[in-house]
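# Summary of the model geometry
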Amino acid sequence: MIIAEQKALPEIQDMVSSYRKILIVGCGTCMTFCSAGGPEEVNKLANELVAENKDMVIDKTTTPRQCTEKFIDRLKDKVGDYEAILSMACGNGVQAVASRFPDKPVLPALNTQFIGVEKEKGVWTENCLACGDCILWRTGGVCPVTRCAKSLLNGACGGASEGNCEVSKDRPCAWQEIYHALKRLNMLHYLKGKPQVKDWPVHPGRVVREDLREIEATRVD
Amino acid sequence: MSFRQALESGKFLVTAEVGPGKGTEVEHLLKDADIIKDRVDAINVTDLQSSVMRLGSMAVCHMLTDMGIDPVFQVTCRDRNRLALQSDLLSGWALGIRNVLALTGDHPSMGDHPNAKPVFDLDSVTLLEMIGTLNSGKDMSGNELNGTPDFLPGAVVNPGADNEAALDLQIMKMEKKIEAGAKFFQTQGVYDLDAFEKFMKRVEGLNTKVLVGIILLKSVGMARYMNKNVAGVFVPEPLIQELKAAEDKAQASMNMAIRLIKGAKDLCDGVHIMALGWESKIPPIMDEIGL
Ligand code: SF4
Ligand code: SF4
């Protein structure tokens, strides 16, 4: 899932300071699971903002997902009543809502961090940079593009110490993790493969599925 | 004799290194290089060592060639993508640089601009492959070069990796570097000859030259700092005590280096001395060893 963290309150206050009536919109999927922008966090943020500014009218709602058109559409009868939308979705959700309601300021209440998992209670770690060419089959299910601080593809640098990456003692060296995983799986020979150079994708990304487009074009309603 | 000729001659190789500073002042560094110029086969010039912004390696390498020194151009993958790396290598060749040490480089977060964007478009292995490609008259995209370099590529290895996984990974990478064209290796600083001997046993059959890294120990504080912060460098406690007890620290440090080099001489193909400003100590050390 996507992991995010709420912005510091002063920055959010700054963003909404010129509005008197706003709608806070939570996200029922990733942001609820990472405790950054679900119904609970929407309530808490609304209370904090009102506590600081009694004149502000704040309404709240949470959509099942803010990155999916049919769920965003559920907001269409509401948004007219507000000067701005304060979104508690990831950056993807914020933009999806902004493009659906182009005449409304849509403001981000969160800082989107990464695609990752909850490692232990209250600790999340990054797992995938969405690099466009997945090599996990060769690396024992541990992503060096993401989890090696230098995105090295051809083995470890010399910087690890006591199993941790040179950048920080709280990050395991991804290449040592890959080594252990491949050893467990009897697949260490993958470490000896031909050196790889990554073909970096051009951003913004765009995926086109001709098969689906053709089906859509020939559909008779 | 060029470094390449020295390497091919089979003699015991001696290299040293200088690190450009922050700013345009080069007099000190050139003076240090001048002291050792007739005693070494090549002098490395570091590339923003420890991710600290400094004067560049290429300019200083060029200045060394003007003094009749054969420099080793250290190139890391930290700050340049494949376009800039290839271009800098061609530029270096045009300025008289003939030897390249291919490194991955430290992460920017280790240095004095910790929030700089890390590049690492290539790594040490694919940088070596790329140098081979340039040497063959092409760029990485297969385009023909008009004027072709003929670099001698080298690499580094860390024999002091601190666990089995790390050491296996170091050796696998060393093999990849050799396959990618590395003709010599300079190691991370070695203080423990037994561990170094074990390492050399493991890489025995590999077709390359290994220069043992010797860092002159300047103080007890430096030893403790390296043990804590420099991956793969371990100064054993007896050495630290020896330095602590010595009245003449510089002499004690030189004695240690002499012992280490004498002990390593029959295990490997050369020595890479990192004097960190103590370049004047290198000639007497070499006299003592008879190099
Ligand atoms: S290789 Fe890593 S970054 Fe790329 S898609 Fe797979 S998990 Fe994601
Ligand atoms: S220490 Fe490990 S994870 Fe960190 S940059 Fe080096 S190889 Fe990558």
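Residues numbered from 1 in each chain as written. Chains lettered and ligands numbered in written order. Predicted model: local features only at pLDDT ≥ 70, side-chain atom pairs only at ≥ 80, totals over all residues. Heavy atoms only, no water.

## Quick notes on the overall build of chain B
Looking only at helices and strands, one finds eleven helices and eight strands in chain B. For 291 residues, the compact-globule estimate of 2.2 N^0.38 gives 19 Å, and the C-alpha radius of gyration of chain B, at 18 Å, lies within 12% of that figure. Dimensions along the principal axes, computed over C-alpha positions, put chain B at roughly 60 × 45 × 45 Å. Across the 291 residues of chain B, 53% fall into the buried class. Restricting the contact set of chain B to residue pairs at least 6 apart, pairs at least 24 apart contribute 76%. Surface exposure of chain B reaches about 12400 Å², of which carbon and sulfur atoms provide 50%. Within chain B, the 39 negative side-chain charges are centred at a point lying 2 Å from the centre of the 30 positive side-chain charges. (Helix = DSSP H or I, 4+ residues; strand = E, 2+ residues; numbered from the N terminus. Rg over C-alpha atoms; globule rule 2.2 N^0.38 Å. Buried < 20%, exposed > 50% of the residue type's maximum accessible area, 1.4 Å probe, protein only. Contact = heavy atoms within 4.5 Å. Areas by Shrake-Rupley, 256 points an atom, 1.4 Å probe, with all protein chains shown as cover. Lys, Arg positive; Asp, Glu negative; His and termini not counted. Charge placed at Lys NZ, Arg CZ, Asp CG, Glu CD.)

## Let's talk about the interface of chain B and chain A
Counting residues at the interface gives 29 residues for chain B and 30 residues for chain A. The contact between chain B and chain A buries some 2300 Å² in all, and 54% of this surface belongs to carbon and sulfur atoms. In terms of surface lost to chain A, no three residues of chain B exceed Leu169, Met172 and Lys176 of chain B, which account for 23% of the buried area on that side. In this structure, the connection of chain B to chain A is made through one salt bridge. Between Glu164 of chain B and Lys183 of chain A there is a salt bridge, with its nearest N and O atoms 3.2 Å apart. The interface formed by chain B and chain A holds 14 residue pairs in polar contact (both at pLDDT 80 or more) in total. Elements supplying a minimum of two residues to the side of chain B that touches chain A: α5 (124-135) and α6 (164-179) of chain B. Broken down by element, the side of chain B that touches chain A gets its largest block of residues, ten residues, from α6 of chain B. Along the lines of polarity and charge, the residues of the side of chain B that touches chain A split into ten nonpolar, eight polar and eleven charged. (Buried area = accessible area lost by both parts, 1.4 Å probe. Salt bridge = Lys/Arg side-chain N within 4 Å of Asp/Glu carboxyl O. Polar contact = N/O pair within 3.5 Å; in protein donor to acceptor, adjacent residues only side chain to side chain. Nonpolar A, V, L, I, M, F, W, Y, C, P; charged D, E, K, R; others polar.)

## A few points about the sheet that holds strand β6 (residues 184-189) of chain B
All names here are of chain B. The strand order around the closed barrel built from eight strands is β1-β2-β3-β4-β5-β6-β7-β8, with neighbouring strands paired in parallel fashion. On average, adjacent strands in this sheet sit at an angle of 30° to one another, irrespective of strand direction. In terms of strand pairing, strand β2 (residues 42-45) meets strand β3 (residues 71-76) through three bridges, oriented parallel. Bridge pairing links Val45 to Phe73 in β3. Each of β2 and β3 is contacted by helix α3 (residues 57-66), which is oriented at about 175° to β3, the strand it contacts most. (Pairing = 2+ DSSP bridges. Axes fitted to C-alpha atoms, helices over the stretch in contact; angles between N-to-C directions.)

## Some thoughts on the packing of helix α1 (residues 9-16) of chain A against helix α3 (residues 39-52) of chain A
All names here are of chain A. Interhelical geometry of α1 versus α3 gives an angle of 70° and a closest axis separation of 11 Å. With respect to their mutual orientation, α1 and α3 come out roughly perpendicular. Judged by the sense of rotation from one axis to the other, the crossing of α1 with α3 is right-handed. Contact with α1, carried on its side by Leu9, Ile12, Gln13 and Val16, involves Leu45, Glu48, Leu49 and Glu52 of α3 and no other residues of that element. Tallied by class, residues from the contact of α1 with α3 come to five nonpolar, one polar and two charged. (Parallel < 35°, antiparallel > 145°, perpendicular 65-115°, else oblique. Left-handed = near helix turned anticlockwise from the far one by under 90°.)

## Brief notes about the site of ligand 1
Every residue close to ligand 1 is listed here: Asn127, Cys128, Leu129, Ala130, Cys131, Asp133, Cys134, Ile135, Leu136, Cys143 and Thr146 of chain A. Broken down by class, the residue content of the shell around ligand 1 amounts to eight nonpolar, two polar and one charged. (Near = heavy atom within 4 Å.)

## Re the site of ligand 2
In the vicinity of ligand 2, the contacting residues are Cys148, Ala149, Lys150, Ala156, Cys157, Ala160, Cys165, Glu166, Cys173, Ala174 and Trp175 of chain A. For the shell around ligand 2, a count of residues per class yields nine nonpolar, no polar and two charged.

## What about the domain arrangement of chain A?
Interface size is commonly expressed as the accessible area that is lost once the parts come together. Taken domain by domain, chain A consists of domain 1 (2-113) and domain 2 (131-221). The C-alpha centroid of domain 2 of chain A is placed 33 Å from the C-alpha centroid of domain 1 of chain A. (Domains from an automatic or database assignment.)

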